[in-house]
Amino acid sequence: MSTLDKTTIENLAEHLENAELNAQAVTKITDDYPDMDWEDAYDIQWEIRRRKEARGTRVTGLKMGLTSWAKMKQMGVETPIYAFLADYFSIDEGAEINTSELIHPKVEAEIAVITNRVLKGPGCTIAQVMAAIEAVVPAIEVIDSRYENFRFDLKSVVADNASSSRFITGGRLRRIDQVDLKTLGVVMEKNGEVVELGSGASVLGHPAAAVSMLANMLAERGEEIPAGTFIMTGGVTAAVAIEAGDSISVRYEELGSITINVV
Ligand code: 0L1
Ligand code: MG
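Residues numbered from 1 in each chain as written. Chains lettered and ligands numbered in written order. Predicted model: local features only at pLDDT ≥ 70, side-chain atom pairs only at ≥ 80, totals over all residues. Heavy atoms only, no water.

**Some thoughts on the environment of Val-137**
What counts here: Only runs of H or I of at least four residues qualify as helices and only runs of E of at least two qualify as strands under DSSP, and these elements are numbered from the N terminus. Classification of residues uses two cut-offs on accessible area relative to the type maximum, computed with a 1.4 Å probe and protein chains only: under 20% is buried, over 50% is exposed, and between them is partly exposed. Should any heavy atoms of two residues lie within 4.5 Å, those residues are considered in contact.
Its place among the elements puts Val-137 in strand β5 (residues 133–143). Here Val-137 falls in the buried class, since its relative accessible area comes to 4%. For Val-137, the contacting residues outside a window of four places in its chain are Glu-110, Ile-111, Ala-112, Ile-114, Thr-169, Leu-173 and Phe-230.

**Thoughts on the pairing of strand β8 (residues 193–199)**
We count it as follows: In this description, strands pair whenever DSSP reports at least two bridges between them.
Note: strand β7 (residues 185–190) against β8, six bridges, orientation antiparallel. By the bridge assignment for β8, Glu-189 is matched with Val-194. Remark: two residues form the turn of the hairpin made by β7 and β8, two consecutive strands paired antiparallel; Asn-191 in that turn has positive phi of roughly 50°.

**A short note on the site of ligand 1**
Our working rule: The criterion for a residue being near a molecule or strand is simple. One of its heavy atoms has to lie within 4 Å of it. As used in this structure description, the phrase polar contact means that two N or O atoms lie within 3.5 Å; if the pair is within protein, one of them must be able to donate a hydrogen and the other to accept it, and residues adjacent in sequence are counted only when both atoms belong to side chains. In short, Shrake-Rupley with a 1.4 Å probe defines the accessible areas, and a residue's cover is counted only from the protein chains shown. Following the grouping adopted for this structure description, the nonpolar residues are Ala, Val, Leu, Ile, Met, Phe, Trp, Tyr, Cys and Pro, the charged ones are Asp, Glu, Lys and Arg, and the polar ones are all others, Gly among them.
The immediate surroundings of ligand 1 are formed by 13 residues, with Lys-63, Leu-66, Lys-71, Glu-141 and Ser-163 found nearest. Within the contact set of ligand 1, an oxygen atom lies 3.3 Å away from a side-chain nitrogen or oxygen of Glu-108. In this structure, an oxygen atom belonging to ligand 1 sits 3.0 Å away from a side-chain N or O atom of Glu-141. Look at ligand 1: alone it shows 310 Å² of surface, and the protein chains cover 99% of it. The set of elements that each furnish at least two residues to the shell around ligand 1 consists of β1 (59–65), α3 (69–75) and β5. Residues belonging to the shell around ligand 1 are distributed by class as follows: six nonpolar, three polar and four charged.

**Side note on helix α1 (residues 6–22)**
Formally: By this rule the span expected of a helix is its residue count minus one, scaled by 1.5 Å. What the arc describes is the spread of directions from the helix axis to the C-beta atoms.
Here α1 is 17 residues long and its end C-alpha atoms lie 24 Å apart, about the 24 Å a rise of 1.5 Å per residue gives. Looking only at α1, the buried set comprises Thr-8, Ile-9, Leu-12, Ala-13, Leu-16, Glu-17, Ala-19 and Glu-20. On an axial view of α1, the arc spanned by its buried residues comes to 160°, and they lie on one face. At its buried positions, α1 is contacted by α2 (38–54) and α5 (154–159). Phi for Ala-23, located one or two positions after α1, is positive at around 50°.

**Re unusual backbone geometry**
For the bond running from Gly-121 to Pro-122, omega is 0°, close enough to zero to count as cis. Here Pro-122 shows up in the loop between β4 (106–115) and α4 (126–132). The phi dihedral of Asn-191 is positive, around 50°, even though this residue is not glycine. Tracing the backbone through its elements, the reader meets Asn-191 in the loop between β7 and β8. On the basis of relative accessibility, which here comes to 45%, the residue Asn-191 falls in the partly exposed class. The residue Glu-254 is not glycine, and still its phi comes out positive at about 70°. Within the element layout of this structure, Glu-254 appears in the loop between β11 (247–252) and β12 (256–262).

Rendered as structure tokens:
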């Protein structure tokens, strides 16, 4: 049940979207709206999505966040969340991450999938997800919370489109029968040193579980995952802060590697 009226939702969406577009940090919105609930938070996120689409931006994917134990521990939370990916978030492999467009970026190594049929909750299962995966894709997500000094709570983060900012895919696409999503190993290096490692099982026990959770969460709003959706299943590892001059390289078992340079 929402607690905020339509005008407040619209104003908060504009406020947070401006913070993103201007790369200017703001205070967490729950400071001013301490009673806002989960529905309010997702209403604000969906309003940011509506604003972007109204200007011609395309939504090119969805993501789950806070799905790994490492990430949940890092943020002190226990609830995964979802968000959308806009077309301009996508950076070509080999291109640079420009920190002048961002506030305080961090990177996460993610396992992404592309689906080939509609996934609809409630009751969407891991087996249904496995049958709907057309391809497994390696990805790096760049998150950039719009909140000052990362001072936020989960509802503020949901409203802020789960800190979504940029993502890079690359490496090799694989069919679902060519990889074991659960044991798929991931190693992240920063400036030549291993900084994080993990495997698919770090993501809710199995990355497909993040996708079924996404379908079931969307069902609460009468939404579904359309066929052909690119979905990032959440950071396998904790997020790593980056700054100009850094080079990040992630190697994925069976899926090749992705390198990004930060300027
Ligand atoms: O992609 C994600 O895991 C979302 C993280 C949201 C919180 C943060 O900014 O770390
Ligand atoms: Mg992520």
